[in-house]
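The chain contents come next:
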Amino acid sequence: MRSWILRAAWVAASMFVVVGAVFAIAWFKTEADLARVYAVSDPPLPMTDSPEALARGEHLYTVAGCVECHGEAGRGKAFIDAGPVAFVVAPNLTPAAVRERYDADALGAAIRHGVDPQGRPLRIMPSTDFMNLSDEDTAALVAYLQALPSSDHQPGTTEIRPLGRVMALFGKLHLAPAADIDHSPRHRIAPAPGPTPEYGAYLAQVCTGCHGGDWAGQRVPGTPPELPPAANLTPHANGLAGWTEADLGRALREGRRPDGSQLHPFMPWGAYGVMTDTEVAALWQHLSRLPARPGQPKLKKA
């Protein structure tokens, strides 16, 4: 009996040491990743505060999903509490909160490169979705942010908790998306707006963070297990096979599939629902021409 107790104690102690070592490695690795500095030197944004630019920026703030995280009028909000993984807060973006640290080009770098004014990574900021946003569209979005009514709202601070750091260590949580972005300086130009596959591919960039770089669906990194995977958006039997452009428009504007079933509320169809008819047509032109990939989930489960 005594020898059994000793063996059990040794096993427990060994497991404690291993778990402690993993957490320690994860802590130091993630801290090093977050302390890394990226050099960003894109050409200055072509800023204008014309009514057309501000209207375009307001539209982008919604259809690019910014409103889903940062809230109405950019006041910021806590939007994910994933227990031991993370507590994620999208900060206040109104002038009162950012103007002392972020000029227009620094805001552009935060959007497209996922870095703060010192070049350090922003936590959980999905800049891989926006890294190819055109100079003109980025300038319009920044102009809209700079024109927002100032607010002193303090939504809190993002916390990456122990399990989240371990997940980041093993590549299951994109803690610092800046690490996955090409930071070389360049001009970015959008395709001409129209119902074309090229313009649809440009718009569909914002879908990749959830649906994957091939749009074939995936389990969204860092989300809790009860959340279903993001849907397959390719024309596969597991995805959009059998859909029409009208079906896509209904999903985006009403949150319903062709059979009338409701999309999961994690899908921000309310924001995408303000897309213009041209944008919906362009998105369909792109998605319907993708190679059919089996992906992971069936659309009816997402």
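Our structure's up above, just so we're on the same page.
Keep in mind it's a predicted model, so treat the numbers as computed, not measured. (Residues numbered from 1 in each chain as written. Predicted model: local features only at pLDDT ≥ 70, side-chain atom pairs only at ≥ 80, totals over all residues. Heavy atoms only, no water.)

A.B. asks: Account for the packing of helix H10 (residues 245–254) against helix H12 (residues 277–287), with residues named and values stated.
C.D. replies: Packed helix pairs are specified by the crossing angle of their axes together with the interaxial distance, meaning the distance between the axes. Contact pair H10 / H12: the axes reach a minimum separation of 10 Å and the direction vectors enclose 120°. What the angle tells us is that H10 and H12 run oblique. Considering only the axes of H10 and H12, their crossing is right-handed. When H10 is examined against H12, the residues Glu245, Leu248, Gly249, Leu252 and Arg253 are found in contact with a partner set consisting of Asp277, Val280, Ala281, Leu283, Trp284 and Leu287. The residue makeup of the contact of H10 with H12, split by class, is 7 nonpolar, 1 polar and 3 charged. (Axes fitted to C-alpha atoms, helices over the stretch in contact; angles between N-to-C directions. Helix = DSSP H or I, 4+ residues; strand = E, 2+ residues; numbered from the N terminus. Parallel < 35°, antiparallel > 145°, perpendicular 65-115°, else oblique. Left-handed = near helix turned anticlockwise from the far one by under 90°. Contact = heavy atoms within 4.5 Å. Nonpolar A, V, L, I, M, F, W, Y, C, P; charged D, E, K, R; others polar.)

A.B. asks: For the sheet that holds strand S2 (residues 86–90), give the residues involved together with the corresponding values.
C.D. replies: The pairing of strands in a sheet happens through backbone hydrogen bonds and is either parallel or antiparallel. Spatial strand order, S1-S2-S3: 3 strands in an open sheet with antiparallel pairing. What marks the edges here is a single partner per strand, and that holds for strand S1 (77–81) and strand S3 (159–160). Two strands pair when backbone bridges link them, and S2 and S3 are joined in this way by 2 bridges, in the antiparallel orientation. Its bridge partner lying in S3, Ala86 is registered against Ile160. (Pairing = 2+ DSSP bridges.)

A.B. asks: Talk me through the pairing of S1; I want residue IDs and the actual numbers.
C.D. replies: Here S1 pairs with S2 via 4 bridges, running antiparallel. Bridging across to S2, Ile80 finds its partner in Val88. Taking the residues between adjacent antiparallel strands as the criterion, S1 and S2 are bridged by 4 residues, where Gly83 takes a positive phi near 55°.

A.B. asks: Give me the lowdown on the environment of Leu141, citing residues and values where you can.
C.D. replies: Note that Leu141 resides in helix H6 (residues 135–146). Along the primary structure Leu141 and Pro84 are separated by 57 residues, whereas in three dimensions their C-alpha atoms are 34 Å apart. Contacts of Leu141, omitting those with residues within four sequence positions, involve Gly57, Leu60, Tyr61, Cys66, Ile111 and Leu133.

A.B. asks: Residues and numbers for the side chain of Asp42, please.
C.D. replies: When you line up the elements, Asp42 lands in the loop between helix H1 (2–35) and helix H2 (51–63). Residue Asp42 is classed as buried on the basis of its relative accessible area, which comes to 18%. Polar contacts involving the side chain of Asp42 include one to the main-chain amide nitrogen of Arg186, which spans 3.4 Å. A distance of 3.0 Å separates a polar atom in the side chain of Asp42 from a polar atom in the side chain of Arg188. With residues up to four places along the chain from it excluded, the contact list for Asp42 reads Arg112, His113, Ser184, Pro185, Arg186 and Arg188. (Buried < 20%, exposed > 50% of the residue type's maximum accessible area, 1.4 Å probe, protein only. Polar contact = N/O pair within 3.5 Å; in protein donor to acceptor, adjacent residues only side chain to side chain.)

A.B. asks: Tell me about helix H5 (residues 104–113), and name the residues and values.
C.D. replies: Counted residue by residue, H5 has 9 buried out of 10 residues, so it is predominantly covered. Turning to H5, its buried residues number three or more, namely Ala104, Ala106, Leu107, Gly108, Ala109, Ala110, Ile111, Arg112 and His113. On its buried side, H5 packs onto H6. Positioned one or two residues after H5, Gly114 has a phi angle of 70°, which is positive.

A.B. asks: Explain the side chain of Ser127 residue by residue, including any values.
C.D. replies: With respect to the helices, strands and loops of the structure, Ser127 is situated in the loop between H5 and H6. For Ser127, a relative accessible area of 0% translates into the label buried. Engagement of the side chain of Ser127 in a polar contact is seen with the backbone oxygen of Ala110, the distance being 3.0 Å. Among the polar contacts listed, one links the side chain of Ser127 to the backbone nitrogen of Gly114, at a separation of 3.0 Å. Every residue in contact with Ser127, bar those within four places of it in the chain, is listed here: Ala110, Ile111, Arg112, His113, Gly114, Pro177 and Ile181.

A.B. asks: I'd love a proper account of the packing of aromatic side chains, names of residues and values included.
C.D. replies: In this structure the tally under the stated criterion is 2 aromatic pairs. Relative to Tyr144, the ring of Tyr61 has its centre 5.5 Å away and its plane inclined at 50°; by these criteria the two rings are tilted. Taken as a pair, Tyr61 in helix H2 and Tyr144 in helix H6 lie far apart in primary sequence, 83 residues in all. We note that Tyr61, like Tyr144, is buried. Seen in terms of ring centroids, Tyr199 and Tyr202 are 6.0 Å apart; in terms of plane orientation they differ by 20°. Their pairing is stacked. (Phe/Tyr/Trp six-rings, centres within 6.5 Å; stacked < 30°, edge-to-face > 60°.)

A.B. asks: Please give an account of the pattern of salt bridges that cites residues and values.
C.D. replies: Tallied over the entire structure, the rule returns 12 salt bridges. A salt bridge links Asp116 to Arg120; the nearest nitrogen and oxygen atoms lie 3.0 Å apart. Take Arg120: its relative accessible area is 37%, and that puts it in the partly exposed class. Several salt bridges share partner residues, and in doing so they unite Asp42, Arg112, Asp135 and Arg188 into one network. (Salt bridge = Lys/Arg side-chain N within 4 Å of Asp/Glu carboxyl O.)

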